[in-house]
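Below are the chains, spelled out letter by letter.
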Amino acid sequence: MARRAWVFALVCALGARVGRCDEARTLEMRTSDRRAIERDTYLYTSVDIPPGTFHVRRFEPVATQDVVHHMLLYGCARGAKAGLDKVIGGMFTSGARVETCEDGTTQALLFGWGKNAPPLHMPDDAGFRVGEGAFKALVLEVHYLETQSSD
């Protein structure tokens, strides 16, 4: 079974303030290490935010630097770019930065991980707003610097 790089984002529905959680949801995003068969592969996955207004307060990567070089999590105001899948040879191979959002203009970096960094847990009164009136989708970019075994 192939190892997997994962990011878990705990999304908390809000009442009047960020610190009060009426409902907690976990959004899981994964890429299959098995697909990184060439050096310097970038794999992408996305998730649509459920209806409502939420704040992302925790980022919990499940990866190690021997498999994943780094991960970047982007927010998209309208939605993720259709067909976003894989780039070989680095993010600038085609001469332009890979667009992660469908409109090409609302890409916002929310979180970056690398070098076996610990999870990020924000204080009760902080968080990234997602959902209604904010980001409608999250896109995870996972960079595999080295090829991964297919066993």
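Residues numbered from 1 in each chain as written. Predicted model: local features only at pLDDT ≥ 70, side-chain atom pairs only at ≥ 80, totals over all residues. Heavy atoms only, no water.

(A) Examining the nonpolar core more closely. Core analysis: the biggest nonpolar cluster contains 23 residues, and Val68, Leu73, Val130, Leu138 and Tyr144 have the highest contact counts within it. Elements that contribute at least two residues to this core include exactly strand 2 (21–32), strand 3 (41–48), strand 4 (53–62), strand 5 (70–76), strand 7 (108–114) and strand 10 (137–144). Of all the elements, strand 10 adds the most residues to this core, at four residues. In this structure, Tyr44, Leu72, Ala137 and Val139 belong to the second largest nonpolar core, which totals eleven residues. (Core = buried A, V, L, I, M, F, W, Y, C linked by side-chain atoms within 4.5 Å. Buried < 20%, exposed > 50% of the residue type's maximum accessible area, 1.4 Å probe, protein only. Helix = DSSP H or I, 4+ residues; strand = E, 2+ residues; numbered from the N terminus.)

(B) Structural context of the confidence of the model for the protein. The share of residues in the protein with pLDDT of 70 or more is 77%, and the mean pLDDT across the chain is 78. Across the protein, the secondary-structure element scoring lowest on mean pLDDT is strand 1 (residues 4–14), at 54, and the one scoring highest is strand 5, at 92. (pLDDT = per-residue confidence, 0-100.)

(C) Spotlight on the state of the cysteines. Using the criterion set out here, one finds one disulfide in the structure. Across the disulfide, cysteine 76 is cross-linked to cysteine 101 (sulfur-sulfur distance 2.1 Å). Between cysteine 76 and cysteine 101, the S-S torsion sits near -80 degrees, and that sign places the bridge as left-handed. Linking cysteine 76 in strand 5 with cysteine 101 in the loop between strand 6 (86–88) and strand 7, this pair joins segments that are 25 residues apart in sequence. For cysteine 101, a relative accessible area of 1% puts it in the buried group. (Disulfide = S-S within 2.5 Å.)

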